[in-house]
Amino acid sequence: MEKIVESRKSKHKVLENRVRAMHKKSEKMPTVAITDLEPSEIPHHFNLTHCLPTEFEFSPRKTEKLSLPPHLNSTLVDYGMATSGSPINETLIRSRISVIILTTLAKMKRELPAKPRTPVVSSTSPKFVHLKFDREIEFIWKSDNRRVRLSGIVDYSLWYGMPDDYSTNMTTIEASQPDLIKRGVFKCLAYMAMVHETRKRAKVIDTSVYGIATDSFEWVFIRIRPNGEWTAKAYHWVHNAQEIVSMLANIFAHAATSHKWWNLGVEAEFSTSLEQPKLKPKSMRDMRHSI
């Protein structure tokens, strides 16, 4: 009996030492903020190839078009009236983005049939799709013989499951200043690439990931395909409000049919050709205001 106890103590001690060694190694690992990456180099870092979208990849069919949520247009008009003359900043932009996203998701949930015809419909219902604001994420990337910790904050992330369940299908939405939309696209693409690679490692059937970069007027929809190709298409709210709302609804529906796969308590390691000069560490607050 004493030998068994001693053996267990020994194994526990070995495990403790391993955990301490991992933490010590992790503390020495350099941290790189996503905002510090050169935007135009992000597709190269994550081994992504740009391609043109297919006919219906970002163009809702007639049967998929959704009418605008009630009072959305009048609410946006009120926003414009109330903020007339105010400088355009991220807070103002996000207030418009939030009302568009939330009213669209609410409309989908409100219009769900009271009694789903099949259990499959019930289990993949948009009712179980949730939004998270300002989600902090960290990933460990392996580059040649060194590892770096990539970190950032996703403005909006879409996930599927119970509210306290960390498994998720993540769709990232990035708020950008009007003159920084292109930069916002690449920043969003970086977060999407992390999710895409993690889904591949988790052997999820559908590894495609959607993202959006927007200043609330121009909406750039982005998709990473399972084969690592990425594509995008832009719409403007003034001319294409229905298409934007319909695309949001399609993305929400896509999230609702995805498998649970994510555990925020586990850090994933990926291989890439990431080369980054020495950078000054940034606080989370700095990263939030650097777009």
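Peer 1: Requested: an account of the nonpolar core, with residues and values cited.
Peer 2: I100, I101, W219, F221, W237 and L248 are the most contacted members of the largest nonpolar core, which has 33 residues in total. Counting residues per element, the ones that place at least two in this core are α3 (72-82), α4 (90-110), β3 (129-143), β4 (146-160), β5 (171-175), β6 (209-214), β7 (218-224) and α7 (237-256). Broken down by element, this core gets its largest block of residues, ten residues, from α7. Filtering out sequence-adjacent residues up to four positions away, W219 remains in contact with I97, I100, I101, I212, A213, T214, K233, A234, Y235, W237, I244 and L248. Grouped together as the second largest cluster of nonpolar side chains are 29 residues, F46, W141, V148 and A213 included.

Peer 1: Would you mind going over the packing of aromatic side chains in detail, with residue names and values included?
Peer 2: Scanning all chains against the criterion turns up three aromatic pairs. Considering the side-chain rings of F133 and Y156, the 5.4 Å spacing of their centres and the 65 degrees angle between planes classify their relative orientation as edge-to-face. Residue F133 is located in strand β3, and its partner Y156 is located in strand β4; the two are separated by 23 residues in the primary sequence. With relative accessibility at 1%, the residue Y156 sits in the buried group. Consider the rings of F221 and Y235, whose centres lie 6.1 Å apart with planes at 75 degrees: the pair is edge-to-face. On the criterion of sequence distance, the pair formed by F221 in strand β7 and Y235 in strand β8 (residues 229-236) is long-range, its members being 14 residues apart. Each member of the pair, F221 as well as Y235, carries the same accessibility label: buried. It is R61 that lies over the ring of F56; its NZ or CZ is 4.2 Å from the centre.

Peer 1: Residues and numbers for the pairing of β8, please.
Peer 2: Here two bridges tie strand β2 (residues 49-50) to β8, and the two strands are oriented parallel to one another. Pairing of T49 across the sheet is with E229, part of β8. For β7 and β8, the ladder comprises seven bridges, and the chain directions are antiparallel. Along β8, the bridge assignment pairs R223 with T231. In textbook terms, the turn of a hairpin is the stretch between consecutive antiparallel strands, and for β7 and β8 this stretch comprises four residues, one of which, G228, has a positive phi near 90 degrees.

Peer 1: How would you summarise unusual backbone geometry if you had to cite specific residues and measurements?
Peer 2: A positive phi angle, near 50 degrees, is found at D134, a position not held by glycine. Topologically, D134 is positioned in strand β3. Looking at D134, the relative accessible area reads 35%, which means it is partly exposed. At S216, a position not held by glycine, the phi torsion is positive, near 85 degrees.

Peer 1: Please provide a residue-by-residue account of the environment of H236, values included.
Peer 2: Within the secondary structure, H236 sits in strand β8. Each C-alpha atom, one on H236 and one on D215, is 10.0 Å from the other, the two residues being 21 residues apart in sequence.

Peer 1: Before we move on, can you summarise the environment of A249 with the specific residues and values?
Peer 2: Mapped onto the elements of the fold, A249 is located in helix α7. Distance from A249 to L105, taken between C-alpha atoms, is 7.1 Å for residues 144 residues apart in sequence. If sequence neighbours within four positions are ignored, A249 has contacts with L66, T104 and M108.

Peer 1: Any chance you could break down the environment of H50 for me, citing the residues and the numbers?
Peer 2: Summarising the element assignment, H50 is placed in strand β2. Separated by 174 residues in the primary sequence, H50 and I224 have C-alpha atoms spaced 9.2 Å apart.

Peer 1: Outline the pattern of salt bridges, listing residues and values.
Peer 2: Across all of its chains, the model carries twelve salt bridges by this definition. Its salt-bridge partner being R94, residue E90 comes within 3.8 Å of it at the nearest N-O pair. Here E90 pairs with R94, and both are found in helix α4, just four residues apart, close to one helical turn. By relative accessible area, which is 15% here, E90 ends up buried. Salt bridges linked by common partners bring E57, R223, R225 and E229 together as one network.

Reading the values: the criteria
- Residues numbered from 1 in each chain as written.
- Predicted model: local features only at pLDDT ≥ 70, side-chain atom pairs only at ≥ 80, totals over all residues.
- Heavy atoms only, no water.
- Core = buried A, V, L, I, M, F, W, Y, C linked by side-chain atoms within 4.5 Å.
- Buried < 20%, exposed > 50% of the residue type's maximum accessible area, 1.4 Å probe, protein only.
- Helix = DSSP H or I, 4+ residues; strand = E, 2+ residues; numbered from the N terminus.
- Contact = heavy atoms within 4.5 Å.
- Phe/Tyr/Trp six-rings, centres within 6.5 Å; stacked < 30°, edge-to-face > 60°.
- Lys NZ or Arg CZ within 6 Å of the ring centre and 35° of its normal.
- Pairing = 2+ DSSP bridges.
- Salt bridge = Lys/Arg side-chain N within 4 Å of Asp/Glu carboxyl O.

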